[in-house]
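Each chain, written out:
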Amino acid sequence: MSILVNRDTRVICQGITGKVGEFHTRGCLDYGTRMVGGVTPGKAGETVAGLPVFNTVAEARDATGANATMIFVPPAFAADAILEAVGAGIELVIAITEGIPVLDMARVMPVVRASRSRLIGPNCPGVITPGECKIGIMPGYIHTPGHVGVMSRSGTLTYEAVWQLTQLGHGQSTCVGLGGDPLVGSSFIDILELFQNDPDTHAILMMGEIGGSAEEEAAAYVKAHVTKPVAAFIAGQTAPPGKRMGHAGAIISGGKGTAEAKLAALRDAGIEIAESPADMGTAMARAISRRA
Amino acid sequence: MKIHEFQAKDLLRAAGVPVLAGKVARTPEEAAAAYTALGTPICAVKAQIHAGGRGKGTVKGSAQRGVELAKSADDAARIAKGLLGQTLVTIQTGPEGQVVRQVFVESGCGIDRELYCAVLVDRRVGSPVLIASTAGGVDIEEVAAKTPELILSEPFDPDRGLAAYQARLLAAKLGLPTASWRHAEAFFRKLCAAFVSLDASLLEVNPLVLTKDGTLVALDAKMTFDDNALFRHKDVAGLRDEAEEEPAETRAAAAGLSYVKLNGTIGCLVNGAGLAMSTMDLVKYHGGEPANFLDVGGGADVNQVTEAFRIILSDKNVKAILVNIFGGIMRCTTIATALVEASKTVGFSVPLVVRLEGTEVEEGKKILANSGTKIITADGLTDAAKKVVAAANAV
């Protein structure tokens, strides 16, 4: 068991004929993901990495039975690609693309909410269930199958956390990159609910960052609904206010989104805090042994 | 991307949002001429810098405020002289302040009361919202913290825009006289439409003024834009004022790097924004001060990484550099090659601590070991942070 993706997930790649799309499609294939095709308008009939290319997502779905898509379409067209995937009824839409205009996402959000599709991202590393299915750009080898659910707003920080867990002997059930943009399809709360209901996930590690209020909302949810051990790290604890740290979302403004407020909320929910980024794996281990 | 107040007002005027007449001046003489041309008895002379809090801010070494009223052409010239070429310090500029290169001379109006409004994207709602408050002309962040009930908020769909009834609702809650509701309707709806059509990320009007004749006017305007949408707004992109930006940040942006200058001594080069922030945290945790945030991104090549080193080294405060790479898409071999290349072409004048992990890590370490480049290698995050802090303190 796991959440979102497993060995039966059938995946297409939108933007498969692009350099990046092709590169990561091969990476996912090498990992053992059931990649079944790709989509690039006007390129139907071609093959990439041995996979058939279709003009539209609907055609790809009909021909391959795909239930998940990985989007590498360039930012100017990525919102449309998400809408197309949702329109074709793809259950899981994972948007890797970085740099989509915020208002494009504001137009996409109500459509996704009214649909049965789940959107992960954009501007995220993707989703991986170790040993079964990797959809995205994360290096596969750092992961180990196991029982810690991992979720984060940042890519390489997730790799760091996963690597620490793996070295400590804590494998992962599923790792989810939520994305660093102000508007993303799935929140910490959405994924917390899935982890809480997944019998194979025994503990949860989350990496948040300054800006917004997603971490505070997650803390309140954990307090009310999550019975599994949870550990957390907040990136940007030393970032000065008013400066945007790479991610469009990572900015402290108007006294909102500070690390202090987030850490206080997390502590109040009984979540184990990693004081330093070198301590993420051990914080999870502490939270697990405290409950044992 | 930020723009100046006068530029924002040009954009608003074009979008049909009421603003007062005004002219930009770059010399005291131009300011005097602007006063005369505008023809109102009172004008405001306003410093134009990319930071707020100008009204309460003062020029370094004098009592000159960032915004002052002029009652004559001579007055306007005197105020402009007190501002132009001077460094203005406001609550948002930090103690170093910002140099004033131009002033905006704007005609006055009869003010009945000052309000606040802004348009931005609310992450929680997932859509743009218009927020408004009766507490205008003051620090809105303080209002939000102390009296959140005074902040009104109306979300709207970007394509449908703000509905007329939503604008009326706000007008009523703001206590505007019923005779002004039609003005408010037009004002708020056009403001929201301008936000959407220009792909702004913030459009703040503080104060928003109810004039004595019952109309609404944007007395101030602050606009920032979604950098990711500038590709479809060439005209807006053309408003960029590089003189207002940190030169190293502009240079980094041109190379596709995300760089923010800070005041410490330890230069950081990291892949990924979250890991970059965490690396800064770690440096601080072990007693050091980061000199910058620098995310080389996922797909940087040797040239970009070399440029990243140049940018870090251009900061004279840097006493040691920490390279922290967790290879995913970014291969450790790319970083290692760039490091060797940079040491040849740029030359490292300060100690360099390198921590590599992830894709092609063994090959990357070999490249470094075989190059003869003088580096301090580190295993894991804590080791790296301790070593770089020690190196910076030893200098």
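Residues numbered from 1 in each chain as written. Chains lettered and ligands numbered in written order. Predicted model: local features only at pLDDT ≥ 70, side-chain atom pairs only at ≥ 80, totals over all residues. Heavy atoms only, no water.

A.B. asks: Explanation requested: helix α9 (residues 273-285) of chain B in the structure shown.
C.D. replies: Since one α-helical turn is 3.6 residues long, residues separated by three or four positions face the same way. Residue and element names in this part refer to chain B. Taking 1.5 Å of rise per residue, the 13 residues of α9 would be expected to cover 18 Å, and the 18 Å separating its terminal C-alpha atoms lies within 8% of that figure. A large share of α9 lies buried, amounting to eleven of its 13 residues. At the C-terminal side of α9, G287 shows a positive phi close to 95°. (Helix = DSSP H or I, 4+ residues; strand = E, 2+ residues; numbered from the N terminus. Expected span 1.5 Å × (residues − 1). Buried < 20%, exposed > 50% of the residue type's maximum accessible area, 1.4 Å probe, protein only.)

A.B. asks: Would you explain the interface of chain B and chain A in this entry?
C.D. replies: By a widely used convention, the size of an interface equals the accessible area lost when the partners come together. Each partner contributes to the interface: chain B provides 49 residues, whereas chain A provides 53 residues. The contact between chain B and chain A buries some 3,900 Å² in all, and 61% of this surface belongs to carbon and sulfur atoms. When residues of chain B are sorted by the area they lose upon contact with chain A, R123, M277 and F326 of chain B head the list and together hold 18% of the total. Counting across the interface, chain B meets chain A through four salt bridges. Notably, a salt bridge pairs R355 of chain B with E160 of chain A, separated by 2.7 Å at the nearest N-O pair. Seen at the junction of chain B and chain A, the total is twelve residue pairs in polar contact (both at pLDDT 80 or more). Only β8 (111-122), β9 (127-133), α6 (181-197), β14 (258-261), α9, β17 (320-327), β18 (352-358) and α13 (380-394) of chain B provide two or more residues apiece to the side of chain B that touches chain A. Element by element, the count of residues in the side of chain B that touches chain A is highest for α9 of chain B, at ten residues. (Contact = heavy atoms within 4.5 Å. Buried area = accessible area lost by both parts, 1.4 Å probe. Salt bridge = Lys/Arg side-chain N within 4 Å of Asp/Glu carboxyl O. Polar contact = N/O pair within 3.5 Å; in protein donor to acceptor, adjacent residues only side chain to side chain.)

A.B. asks: When you look at the sheet that holds strand β2 (residues 34-39) of chain A in this model, what are you seeing that I'm missing?
C.D. replies: Pairing between the strands of a sheet comes from backbone hydrogen bonds, and it takes one of two forms, parallel or antiparallel. Residues and elements named next belong to chain A. Taking strand neighbours across the sheet as the criterion, the seven strands line up as β3-β4-β2-β1-β5-β6-β7 in an open arrangement whose pairing is mixed. Looking at strand neighbours, the two that pair on one side only are β3 (47-48) and β7 (118-120), the edges of this open sheet. The pairing of strand β6 (residues 92-95) with β7 spans three bridges and is parallel. Within the sheet, the bridge partner assigned to I94 lies in β7 and is I120. Along the sheet, helix α3 (residues 75-87) contacts β1 (10-14), β5 (68-71), β6 and β7; its crossing angle with β6, the most-contacted strand, is approximately 170°. (Pairing = 2+ DSSP bridges. Axes fitted to C-alpha atoms, helices over the stretch in contact; angles between N-to-C directions.)

A.B. asks: Please clarify how the packing of helix α5 (residues 155-167) of chain A against α9 of chain B should be interpreted in this entry.
C.D. replies: Angle between the axes and distance between the axes are the two parameters that describe a pair of packed helices. One way to put it is that α5 of chain A packs onto α9 of chain B with a least axis distance of 4 Å and a crossing angle of 65°. One finds that α5 of chain A runs roughly perpendicular with respect to α9 of chain B. Across the interface between the two elements, T156, L157 and E160 of chain A from α5 of chain A touch G274, L275 and S278 of chain B from α9 of chain B. When its residues are assigned to classes, the contact of α5 of chain A with α9 of chain B shows two nonpolar, three polar and one charged. (Parallel < 35°, antiparallel > 145°, perpendicular 65-115°, else oblique. Nonpolar A, V, L, I, M, F, W, Y, C, P; charged D, E, K, R; others polar.)

A.B. asks: Just to check I follow, could you spell out the pattern of salt bridges for this structure?
C.D. replies: Side-chain pairing between opposite charges can occur once the charged atoms of the two side chains come close. Under the definition given, this model contains 37 salt bridges over all chains. Between E22 of chain A and R26 of chain A there is a salt bridge whose closest N-O contact spans 2.9 Å. Residue E22 of chain A and its partner R26 of chain A are both found in helix α1 (residues 19-31); the two are separated by four residues, about one turn of the helix. When the shortest N-O distance is used, the salt bridge between R13 of chain B and D10 of chain B registers 3.1 Å. With R13 of chain B and D10 of chain B both in helix α1 (residues 5-14) and three residues apart, the pair spans about one turn of that helix. Among the charged side chains, a network of salt bridges with common partners joins E5, K9, K46, R54, E106 and D220 of chain B.

A.B. asks: Teacher, can you tell me more about the side chain of K9 of chain B here?
C.D. replies: All names here are of chain B. The topology assignment puts K9 in helix α1. By relative accessible area, K9 is classed as buried at 0%. One polar contact links K9 to E5, side chain to side chain, over a distance of 2.7 Å. Excluding residues that lie within four positions of it along the chain, K9 makes contacts with V19, K46, F104, E106, A218, L219, D220 and A221.

A.B. asks: Looking at this structure, how should I read the nonpolar core?
C.D. replies: When a protein is soluble and globular, its nonpolar side chains tend to lie buried together. Core analysis: the largest hydrophobic core is formed by 92 residues, its most contacted members being M70, M151 and V176 of chain A. Excluding anything up to four places from it in sequence, M70 of chain A contacts V11, I12, C13, Q14, H24, T25, C28, M35, I94, I96, I135 and G136 of chain A. Counting residues in hydrophobic clusters, the runner-up holds 71 residues, among them I12 and V57 of chain A together with A194 and F225 of chain B. (Core = buried A, V, L, I, M, F, W, Y, C linked by side-chain atoms within 4.5 Å.)

A.B. asks: Explain the sheet that holds strand β3 (residues 58-59) of chain B here, please?
C.D. replies: Residue and element names in this part refer to chain B. In space, the three strands of this open sheet follow the order β3-β5-β6, with antiparallel pairing throughout. The open sheet has two edge strands, β3 and β6 (98-99), and neither has a second partner. The pairing of strand β5 (residues 87-89) with β6 spans two bridges and is antiparallel. Each bridged residue has a counterpart across the sheet, and for T87 the counterpart in β6 is V99.

A.B. asks: Looking at this model, I keep getting lost on unusual backbone geometry. Mind explaining?
C.D. replies: The phi torsion of most residues other than glycine is negative, and most of the peptide bonds are trans. Each neighbour pair has its own omega, and for G121 of chain A with P122 of chain A the value is 10°, a cis peptide bond. In this structure, P122 of chain A sits in the loop between β7 and β8 (126-129). For N123 of chain A, which is not glycine, the phi dihedral falls at a positive 60°. The phi dihedral of D199 of chain B falls on the positive side, at around 55°, and the residue is not glycine. Residue position: D199 of chain B is located in the loop between α6 and β11 (200-211). Classification of D199 of chain B by relative accessible area gives buried; the value is 5%.

A.B. asks: Teacher, can you tell me more about the packing of aromatic side chains here?
C.D. replies: Note on aromatic pairs: each is described by the distance of the centres and the angle between the planes. According to the stated counting rule, one finds six aromatic pairs over all chains in the structure shown. Their ring planes at 80° and their centres at 6.5 Å tell us that W163 of chain A and F326 of chain B sit as a pair that is edge-to-face. Of the two residues, W163 of chain A is situated in helix α5 and F326 of chain B in strand β17; the pairing between them involves two chains. Judged by its relative accessible area of 16%, W163 of chain A is buried. (Phe/Tyr/Trp six-rings, centres within 6.5 Å; stacked < 30°, edge-to-face > 60°.)

A.B. asks: Would you explain the packing of helix α10 (residues 302-313) of chain B against helix α11 (residues 332-345) of chain B in this entry?
C.D. replies: Residues and elements named next belong to chain B. Viewed as axis vectors pointing N to C, α10 and α11 meet at an angle of 50°, and their least axial separation amounts to 8 Å. With respect to α11, the axis of α10 lies oblique. Helix-helix and strand crossings are classified by hand; for α10 and α11 the assignment is right-handed. The residues of α11 that touch α10, namely those facing V302, V305, T306, F309 and R310, are T334, I335, T337, A338, L339, E341, A342 and T345. Tallied by class, residues from the contact of α10 with α11 come to seven nonpolar, four polar and two charged. (Left-handed = near helix turned anticlockwise from the far one by under 90°.)

A.B. asks: It is not clear to me how the confidence of the model for chain B should be interpreted in this structure. Could you clarify?
C.D. replies: Do not read the fine detail of predicted coordinates wherever pLDDT is low. The pLDDT averaged across chain B works out to 91; a share of 99% of its residues lies at or above 70. Confidence estimates for the predicted assembly give a pTM of 0.91 and an ipTM of 0.89. (pLDDT = per-residue confidence, 0-100.)

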